[in-house]
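Secondary and tertiary structure notes
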Amino acid sequence: MTTKEVAAAFAALCKAGDHEGAAAQFNAPDIVSLEDFAGPMARVEGAAAVQAKGEWWLGAYEMHEALTEGPWVHGDQFALHFAMDVTEKASGKRTKMNEIGLYTVRDGKVVEERFFYPG
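Below or above, wherever it landed, is the structure these notes cover. Note that the structure is predicted; figures quoted are calculated from it, not measured.

Taking 1.5 Å per residue as the helical rise, helix H1 (residues 3–15) with its 13 residues ought to reach 18 Å, and the 18 Å between its terminal C-alpha atoms agrees with that figure. Those residues of H1 hidden inside the fold are in contact with helix H2 (19–26), strand E1 (27–34), strand E3 (61–74), strand E4 (77–88), strand E5 (94–106) and strand E6 (109–116). One or two positions beyond H1, positive phi appears at glycine 17, with a value near 85°.

What follows concerns the nonpolar core. Core analysis: the biggest nonpolar cluster contains 24 residues, and Phe10, Phe78, Leu80, Phe82, Tyr103 and Val110 have the highest contact counts within it. Counting residues per element, the ones that place at least two in this core are H1, H2, helix H3 (47–60), E4, E5 and E6. In contact with phenylalanine 82, other than residues within four places in its own chain, are Cys14, His19, Leu67, Thr68, Met97, Asn98, Glu99, Gly101, Tyr103 and Phe115.

Pairing geometry for E4 and E5, over eleven bridges, is antiparallel. Each residue of the ladder has a partner; that of histidine 81, found in E5, is isoleucine 100. Linkage of E4 to E5, two consecutive antiparallel strands, is achieved through a turn of five residues, within which glycine 92 is found at a positive phi near 80°. The sheet contact formed by E5 and E6 spans seven bridges and is antiparallel. From the neighbouring strand, tyrosine 103 faces E6, where its bridge partner is glutamate 113. Where E5 hands over to E6, the hairpin turn is made up of two residues, of which aspartate 107 adopts a positive phi near 55°.

Alignment of E3 against E4, held across eleven bridges, turns out to be antiparallel. By the bridge assignment, glutamate 65 is partnered in E4 with aspartate 85. The antiparallel hairpin formed by E3 and E4 contains two residues in its connecting segment, where glycine 75 sits at a positive phi of about 60°.

Another aspect to go through is the packing of aromatic side chains. By the definition in use, this model includes six aromatic pairs. For the pair phenylalanine 10 and phenylalanine 26, a centre-to-centre distance of 6.2 Å together with 55° between the ring planes defines the contact as tilted. Of the two residues, phenylalanine 10 is situated in helix H1 and phenylalanine 26 in helix H2; the sequence distance between them amounts to 16 residues. The pair phenylalanine 10 / phenylalanine 26 is uniform in exposure class, with both members buried.

What follows concerns the environment of alanine 9. Within the secondary structure, alanine 9 sits in helix H1. Taking relative accessible area as the criterion, alanine 9 reaches 24% and is therefore assigned partly exposed. Along the sequence, alanine 9 and aspartate 85 sit 76 residues apart, while their C-alpha atoms lie 24 Å from each other. Leave out the neighbours within four places in its chain, and alanine 9 touches Met1 and Phe26.

Thresholds applied
- Residues numbered from 1 in each chain as written.
- Predicted model: local features only at pLDDT ≥ 70, side-chain atom pairs only at ≥ 80, totals over all residues.
- Heavy atoms only, no water.
- Helix = DSSP H or I, 4+ residues; strand = E, 2+ residues; numbered from the N terminus.
- Expected span 1.5 Å × (residues − 1).
- Contact = heavy atoms within 4.5 Å.
- Core = buried A, V, L, I, M, F, W, Y, C linked by side-chain atoms within 4.5 Å.
- Buried < 20%, exposed > 50% of the residue type's maximum accessible area, 1.4 Å probe, protein only.
- Pairing = 2+ DSSP bridges.
- Phe/Tyr/Trp six-rings, centres within 6.5 Å; stacked < 30°, edge-to-face > 60°.

See below:
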């Protein structure tokens, strides 16, 4: 698959609320996931570790609403915008989150995901 085809299929799954399905279908076994914050989830390597990171996130937050926009494709990368209305389960604090996911594709698989947050 081309990057454009991967981006379209990945985005369609996310828009349908199936982020886990998108990851299962398109993440490379050696994917690297990068966040712009300190801590154990800042850099996660490998499909199993990225899956565990997603499970941790779903366990920590209650999702009220989610919107995925995109994709925007450039070369071997594509970007998606995620807007979420969530409640942090530990604190009960409800917040609206926005992030950009930048995905790098090689051989039809996502080899890196990098997340950006409003400054």
